[in-house]
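# Examination of the molecular architecture
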Amino acid sequence: MSRKREQFADLPDREGSGSSSEIPLLSVRGGKRLRREGIRNLLIRGTNWIGDVVMTLPAIACIRRTFPDAHIAILVKPWVADVLRLCPDVDEILLYRSPGIHAGLKGKVRLAGELRERHFDAAILLQNAIEAAILTRMAGIPIRAGYNSDARGALLTHAVRRTRDVRQIHQVEYYRAMVHALGCDLVESGVMLRPRAEDQELADRLMAHHSLEKGAFLVGIAPGAAYGPAKMWFPERFAAVADRFASQFNARILLFGSSGDRKAIEDVQRSSSVPLLDLAGQTSLREAIVLISRCGLFVSNDSGLMHVAGALGVPTVAIFGSTNPAATSPMGTKTIVVRGKADCSPCLKKVCPTDFRCMKSIGVEDVYQAARAMMEA
């Protein structure tokens, strides 16, 4: 995967996203690699959060390239399933309903039984938890491959050594390195989420419902972040960026997020001088994704929707303060990171314990000019 860098004078650090094409060469216990013949029915245990799922998509593409004729099913929690429905490399999505019918010991036994009935030839565990190894072992899946994390190495038939080096690289490459060690072909990743015909029809209906004209310049803004307030730029500054695009480009501004982002959304609306379309908590994840796909620009904190926009190929400006873009910047060639300047960043804390200088160092002009540069590029 290529890594693009652009330098801008007199601004906080801005980095093109993506990660290095160089990945660590990892060993598998016993020198084993997955055999290419005989694996016709393959299970992937996916990750649990939107951003993490998006960052596994290149690894899933590597698995598909290596096993082009296999039926590939992925087991995930329901709240991330809509992301994978736009992934062309997955044939089937299996829902891990916990909370729900798969919760607790009885639910795990039930899920293992459901998987056993599917007669999978192999399972590749992108999730790091020991639970994934226990489930696939209980399901009788003969080949179980993944990182030897969480003390689960003995439960895997193909345990990949998770080295210190691989834990320090971009998450996209963290997952690609694992499947490469197992013998999967590496593929270059570009636009990883592709709306289907029915998704485009849904987008058309939503555009009409919200009185958004076809051809209108839509700017998506995601001012929230699930991890904590240390990841969130100031609502009044998001509002100022929205105002500038509305006045100078006649843009329609769409606010995205969950119901948990309500305060940030309301603060942006309160600070803006133009009408903003509030979609936070008003759409399903699928509806949010298809509307993001229609945006000409997306401006976001480090969040799951930031990763979605990048994977859709939407020009994306990602604002980073407490978190590390070297590990979690959005993928794609149409993304740019605006990073705050502070000696203590990245601290990876949920709440800033000092003066929030990383986010304070990012001005409205910094983000606006980054967005303009991305649009012109």
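Residues numbered from 1 in each chain as written. Predicted model: local features only at pLDDT ≥ 70, side-chain atom pairs only at ≥ 80, totals over all residues. Heavy atoms only, no water.

### A short note on the packing of helix α1 (residues 50-66) against helix α10 (residues 304-312)
- Look at α1 against α10: their axes get within 7 Å of each other, and the N-to-C directions meet at 30°. The angle between the axes of α1 and α10 places the two elements in the roughly parallel class. Judged by the twist between their axes, the crossing of α1 over α10 is left-handed. Along its contact with α1, which presents Ile 50, Gly 51, Val 54 and Met 55, the element α10 presents Gly 304, His 307, Val 308 and Ala 311.
- In terms of residue class, the contact of α1 with α10 is made up of five nonpolar, three polar and no charged. (Axes fitted to C-alpha atoms, helices over the stretch in contact; angles between N-to-C directions. Helix = DSSP H or I, 4+ residues; strand = E, 2+ residues; numbered from the N terminus. Parallel < 35°, antiparallel > 145°, perpendicular 65-115°, else oblique. Left-handed = near helix turned anticlockwise from the far one by under 90°. Contact = heavy atoms within 4.5 Å. Nonpolar A, V, L, I, M, F, W, Y, C, P; charged D, E, K, R; others polar.)

### Details of the sheet that holds strand β6 (residues 143-147)
- Taken together, six strands build an open sheet; the order of strands is β4-β3-β2-β5-β6-β7 and the sheet is parallel. A strand with exactly one partner marks an edge of an open sheet, and here the two such strands are β4 (92-95) and β7 (158-160). Between one strand axis and the next, the sheet turns by 20° as a mean value, whatever way the strands run.
- Across three bridges, β6 lies against β7 in parallel orientation. Along β7, the bridge assignment pairs Gly 146 with Ala 159. (Pairing = 2+ DSSP bridges.)

### A short note on the side chain of Asn 48
- Here Asn 48 is to be found in the loop between β2 (41-45) and α1.
- A polar atom in the side chain of Asn 48 sits 3.2 Å from the side chain of Arg 45.
- Residue contacts for Asn 48: discarding those within four places in its chain leaves Lys 77, Trp 79, Val 80 and Gln 127. (Polar contact = N/O pair within 3.5 Å; in protein donor to acceptor, adjacent residues only side chain to side chain.)

### Some details on the pattern of salt bridges
- Under the defined criterion, the tally for this structure stands at 18 salt bridges.
- Across the salt bridge formed by Arg 64 and Asp 91, the nearest N and O atoms sit 2.6 Å from each other. Separated by 27 residues along the polypeptide, Arg 64 in helix α1 and Asp 91 in the loop between α2 (81-84) and β4 bring together distant segments of the chain.
- For Asp 91, a relative accessible area of 43% corresponds to the partly exposed category.
- One salt bridge in this structure joins Glu 198 and Arg 196, with 3.6 Å as the shortest N-O distance. (Salt bridge = Lys/Arg side-chain N within 4 Å of Asp/Glu carboxyl O. Buried < 20%, exposed > 50% of the residue type's maximum accessible area, 1.4 Å probe, protein only.)

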